[in-house]
Amino acid sequence: MIVEVVAVGTELLLGQIVNTNAAHLGERLAELGLDAHHQVVVGDNHDRMVQTIRTAMGRADAVIITGGLGPTQDDITREAICAATGRAMLFSEEHASELREFWRRLGREFPESNLCQAEYPEGAEQLANPRGTAPGLFLDHEGTMIFAVPGVPAELYQMLDEHVVPRLRQGTGSGEVLVSRVLRTWGYGESAVADLLDDLYHASLNPSMAFLASAGEVKVRLSAKAGSDEEARSMIEPVELEVRRRLGAAVFAVDDQILEQIILDELGRRGWTIGTAESLTAGMLATRLSLLPGSSEVFRGSIIPYATDLKLTMLGVPQDVIATHGVVSSETAMAMADGASKAMGVDVATALTGVAGPGVLEHPPGTVFVAVRTPMDNRSRLLKMPGDRERVRAYTTTTALQLTRLAIIGEWWKQSP
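Because the structure is a prediction, the values reported are computed rather than measured. (Residues numbered from 1 in each chain as written. Predicted model: local features only at pLDDT ≥ 70, side-chain atom pairs only at ≥ 80, totals over all residues. Heavy atoms only, no water.)

Points about the packing of helix 2 (residues 20–31) against helix 6 (residues 153–170)
Logical step 1: With their axes 12 Å apart at the nearest point, helix 2 and helix 6 run at an angle of 25 degrees to one another. One finds that helix 2 runs roughly parallel with respect to helix 6. As helix 2 packs across helix 6, the resulting crossing turns out to be right-handed. Where helix 2 approaches helix 6, its residues Thr20, Asn21, His24, Leu25, Arg28 and Leu29 are matched on the opposing element by Pro153, Leu156, Tyr157, Leu160, Asp161, Val165 and Leu168. (Axes fitted to C-alpha atoms, helices over the stretch in contact; angles between N-to-C directions. Helix = DSSP H or I, 4+ residues; strand = E, 2+ residues; numbered from the N terminus. Parallel < 35°, antiparallel > 145°, perpendicular 65-115°, else oblique. Left-handed = near helix turned anticlockwise from the far one by under 90°. Contact = heavy atoms within 4.5 Å.)

Remarks on unusual backbone geometry
Both trends apply: most residues other than glycine have a negative phi, and most peptide bonds are in trans.
Logical step 1: Between Asn206 and Pro207 the backbone carries a cis peptide bond, its omega angle lying at 10 degrees.
Logical step 2: One non-glycine residue, Glu142, adopts positive backbone phi at about 50 degrees.
Logical step 3: Topologically, Glu142 is positioned in the loop between strand 7 (136–141) and strand 8 (144–149).
Logical step 4: The backbone of Asp255 shows a phi angle near 55 degrees, a positive value even though the residue is not glycine.
Logical step 5: Inspection of the secondary structure assignment puts Asp255 in the loop between strand 12 (251–254) and helix 10 (259–270).
Logical step 6: When its relative accessible area of 28% is taken as the criterion, Asp255 is described as partly exposed. (Buried < 20%, exposed > 50% of the residue type's maximum accessible area, 1.4 Å probe, protein only.)

Looking at helix 5 (residues 93–106)
The periodicity of an α-helix, 3.6 residues per turn, causes residues three or four places apart in sequence to face the same way.
Logical step 1: With 14 residues, helix 5 should reach 20 Å at 1.5 Å per residue; the first-to-last C-alpha distance of 20 Å fits that figure.
Logical step 2: When helix 5 is considered as a whole, its buried residues turn out to be His95, Ala96, Leu99 and Trp103. Buried residues in helix 5, looked at end-on, bunch into an arc of 110 degrees, giving them a common side. Exposed side chains of helix 5 directed beyond 90 degrees from the buried face belong to Glu93, Glu94, Arg104 and Arg105.
Logical step 3: Looking at the buried positions of helix 5, the neighbouring elements they touch are strand 4 (89–91) and strand 6 (125–127).
Logical step 4: Looking one or two places after helix 5, you find Gly107, whose phi comes out positive at around 75 degrees. (Expected span 1.5 Å × (residues − 1). Arc of directions from axis to C-beta.)

Topic: the state of the cysteines
Logical step 1: Scanning the model with the defined rule gives 0 disulfides in all.
Logical step 2: The closest cysteine sulfur to the non-disulfide-bonded Cys82 is located on Cys116, 13 Å from its own sulfur.
Logical step 3: On the basis of relative accessible area, Cys82 is assigned to the buried category, the value being 8%.
Logical step 4: A residue is classified by how much of its surface remains accessible, and Cys116, at 18% relative accessible area, is buried. (Disulfide = S-S within 2.5 Å.)

Some remarks on the nonpolar core
Logical step 1: Ranked by internal contacts, the top residues of the largest apolar core, which has 34 residues, are Ile263, Leu267, Leu289, Val348, Val368 and Val370.
Logical step 2: Contributions of two or more residues to this core are made by strand 12, helix 10, helix 11 (284–290), strand 15 (348–354), strand 16 (367–373) and helix 15 (389–409).
Logical step 3: Per-element accounting of this core gives the leading share, 7 residues, to helix 15.
Logical step 4: Excluding its chain neighbours within four sequence positions, the residues that come into contact with Ile263 are Leu289, Leu401, Arg405 and Ile408.
Logical step 5: Judged by nonpolar contacts, the second largest core, of 22 residues, contains Val8, Ala56, Ile65 and Ala84. (Core = buried A, V, L, I, M, F, W, Y, C linked by side-chain atoms within 4.5 Å.)

Listed below in structure tokens is the structure:
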């Protein structure tokens, strides 16, 4: 199945808003094993929108239109769909009543302009939007599926999961469903993963295999078409088991699992707590660990000794360690982890020290040492991160989380020299 995405909004063309929806949709479609040959951005112009939608319908089996469903004068996606398909515009009294009730509960006067959100093309189904007032739309027009969803990311993502993806999966073939399993890996490059799985990749078209590299990780997508979800999953299972056997601890998550949640779960299972000492990242690691509900059960806090003297006083790093080995060193990182463990009374401590940008002459920018202490061991690792200051700090944070995960489960990495 070929799916085309049409993003509506002049603000996207002008760069006033970054089109993050495009990346999310592209990733989701790839995970589903669907083909996406084009992504188009069109401004809030009726004639150009109509032409863009017609072109998309002519070359795709499904079209996902994002944006232009709000109550203002430039929200004309509904009108453009009507014009592109030759359908009349209808009005939902039921949704109009829901809109009025929503405003009544807020204790505010109802703006009549919002009634345009109750309009929909003839033959279309209005899709519930739990996070907003503008419903989405689904229309099967002469065999082409047309979806219209709000451009607000939080609204789009939920509607994508609840309404769009299920219909796309049903439309992948007569009586067939498409099921995908995404194994998220870290530690191998994309080419290394491809080499390790080369024979599996060429062994079968169903289930199929694809590799997706992004944000320091490599995803292995397994997709199977079958008569039911259960049958498709049974086809994927033996291939997944073999991929896991070959990649081992490099597989850290499945589908939408979050790395931070995996770390917190592993700590919880062991009854361990964690804290961080962050000289380089100044709390970025702690922020990631504290975002999820329930994180306070295992995450105790962070010490940020950004200045050298604070490493001595806040963490109790011995003076001779810094004097002998320097602020940016394996020994200092391990002493920081040891100090954080004692200061916060945690079972696991992760420490970071390094150079994000010019300023420390004895080390080039991107030199980073990560140390992790657990009840089993204490090790450090030298990292050499590419990019500018922001990229070094961001990549270091993600890498430190991965090294922490491996240390917790006992899959230790080699100690740096």
